Amino acid sequence: MTKFNLGLIGYPLSHSKSPELHKGFLAKCGLKGEYNLYPIPPDDKDALKKLLDLVRAGEIHGLNVTIPHKQNVISLLDELSDSAQTIGAVNTIVLRDGKLIGENTDAPGFWKDLQNLRPDRSRSNALILGSGGAARAITYALLTAGWDVMLATREADIQQAQILIQDFTAQNPEYAKKLSNTELKKTVLDDLIPTLSLIVNTTPVGMASHLQGSPYPKNLAFPKNAALYDLIYNPSKTQLMQDAEKAGMSVRGGIGMLETQAMLSFEIWTGFKIGDKK
Ligand code: NAP
């Protein structure tokens, strides 16, 4: 029986939940294997390359990739899936037919878990707070499902949002009609709010270890009959989720996305499907 050598590249990694999740999946499927942490400092490209050589040699069967290497690994791989190519980030590496392939399971992980919120599809307008790495995966998931997406960022991040839009439309010119950006500011967003059926927070504001508070502008109303998904999973209920819930929105935190993207990576490496998360 194959012993699956799996692991995670990132830095730092001490608080990662991935080992616990993947060891649970191995046990659930009755598979032998391990899931190791490979902390590689941001600029150590040699260490990244040496680790990927172990995947090429078949000694490691699969790797997850997290901050700060989701983009760094791309130049060391042979091929990217369509989603990883458009998103511009890889979170899963596998050897297929002798080639190192980069995949992105964050986008389908989010999309599957979002179905638990059943957002109103009569208005398919979503507002994404932030324009960093995770925002790219969420944007891809929503655009490919036919949503219109607006990115709302701090003034300082407007250029980052515009680069995201340029990158996406370079991959698919049709996205130009569905993707736009604005400033994360009450005066700018007031008129847009009633048209929304979904808000997704992809900023780290509200994370237990990071910043307190909410990224949502003070005194900005929440949309009616709408859903809010916060990618943060620690704490399980952020300030933003509490405020949105008080305003009548259905809310969900990011733990389901974390678990679902892990299940999808595990399936890519082992061929074993873990039951869909309800
Ligand atoms: P990232 O690349 O650093 O992006 C974060 C974005 O938020 C950046 O655009 C950042 O702007 C912006 N931002 C930071 N502080 C802000 C503020 N006060 N107001 C408005 N915008 C602000 O990080 P990421 O990888 O996308 O991760 C973002 C969050 O998603 C983290 O909390 C992470 O844990 C979570 N996440 C969860 C999952 C899951 O499976 N549930 C998966 C991926 C990520 P600057 O670039 O200017 O700082």
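Refer to the preceding data block for the structure.
Description of the structure in this document.

As a further point, take the nonpolar core. Soluble globular proteins tend to bury their nonpolar side chains together. Judged by nonpolar contacts, the single largest core of 30 residues is most densely connected at F110, I138, L142, L151, L179, L198 and Y229. Going through the elements one at a time, α4 (106-114), β7 (125-129), α5 (133-144), β8 (148-153), α6 (158-171), β10 (198-201) and β11 (227-230) are the ones with two or more residues in this core. Setting aside residues up to four positions removed in sequence, I138 forms contacts with F110, I128, V200, T202, L231 and M257. In terms of nonpolar packing, the next biggest core, distinct from the first, is built from 19 residues, A152, I193, L196 and I199 among them.

This part covers the pairing of strand β5 (residues 92-96). Look at any regular strand and the pattern is simple: side chains alternate between the two faces of the sheet. Pairing of strand β3 (residues 62-65) with β5 involves two bridges; the strand directions are antiparallel. Within β5, the residue paired with L63 across the bridge is I93. Pairing analysis gives five bridges linking β5 to strand β6 (residues 99-103), with the strands arranged antiparallel. Paired with L95 across the two strands is L100, which belongs to β6. Where β5 hands over to β6, the hairpin turn is made up of two residues, of which D97 adopts a positive phi near 50 degrees.

Take helix α9 (residues 255-270) next. Taking 1.5 Å per residue as the helical rise, α9 with its 16 residues ought to reach 22 Å, and the 22 Å between its terminal C-alpha atoms agrees with that figure. In terms of burial, α9 is a largely internal element, 13 of the 16 residues being buried. Among the residues trailing α9, G271 stands out with phi positive, at a value near 80 degrees.

This paragraph deals with the site of the ligand. In the vicinity of the ligand there are 19 residues, among which G133, A134, D157, Q160 and G254 approach most closely. One of the side-chain nitrogen or oxygen atoms of D157 is found 2.5 Å away from an oxygen atom of the ligand. A distance of 2.9 Å separates a nitrogen atom of the ligand from a polar backbone atom of L231. Taking 910 Å² as the accessible area of the ligand by itself, protein coverage stands at 75%.

Strand order in the open sheet formed by six strands is β9-β8-β7-β10-β11-β12, with parallel pairing between adjacent strands. Both outer strands of the open sheet, β9 (179-183) and β12 (250-252), are each paired with one neighbouring strand and no more. For this sheet, the mean inter-axis angle between neighbouring strands, taken without regard to orientation, is 20 degrees. On top of the sheet, α5 reaches β7, β8, β9 and β10; it is set at about 175 degrees to β7, its chief contact. Sitting on the sheet, helix α8 (residues 239-246) touches β7, β10, β11 and β12, and the angle it makes with β11 is about 170 degrees.

Conventions and cut-offs
- Positions within a chain are numbered from 1, following the residues in the order the chain's sequence is written.
- The model is predicted, so local features are restricted to residues of pLDDT at least 70 and side-chain atom pairs to those at 80 or more, both for listing and for counting; the totals for chains, interfaces and linings are taken over all residues.
- Only hydrogens and water are set aside; all other atoms, that is, all heavy atoms of the structure, feed into the side-chain values.
- By convention a nonpolar core is built from buried Ala, Val, Leu, Ile, Met, Phe, Trp, Tyr and Cys residues, the set being connected through side-chain atoms within 4.5 Å.
- For every residue, the accessible area (1.4 Å probe, protein chains only) is compared with the maximum for its type, and the residue is labelled buried under 20%, exposed over 50%, or partly exposed between those bounds.
- Strands here mean DSSP runs of E at least two residues long; helices mean DSSP runs of H or I at least four residues long; both are numbered from the N terminus.
- Whether two residues are in contact is decided by their heavy atoms, any of which lying within 4.5 Å being enough.
- Pairing between two strands is assigned when DSSP locates at least 2 bridges connecting them.
- Here the expected length of a helix is defined as 1.5 Å per residue gap, with one fewer gap than residues.
- Nearness is judged by heavy atoms alone; a residue qualifies as near a molecule or strand once a single heavy atom is within 4 Å of it.
- The definition of a polar contact used here is a pair of N or O atoms within 3.5 Å, where within protein one atom must be able to donate a hydrogen and the other to accept one, and adjacent residues in sequence count solely through side-chain atom pairs.
- Computed with a 1.4 Å probe, the accessible areas rest on the Shrake-Rupley method; for each residue, only the protein chains presented here act as cover.
- An axis is simply a line fitted to the C-alpha atoms; with a helix, the fit covers only the stretch in contact. Between two such axes, the angle follows the N-to-C directions and lies from 0 to 180 degrees.

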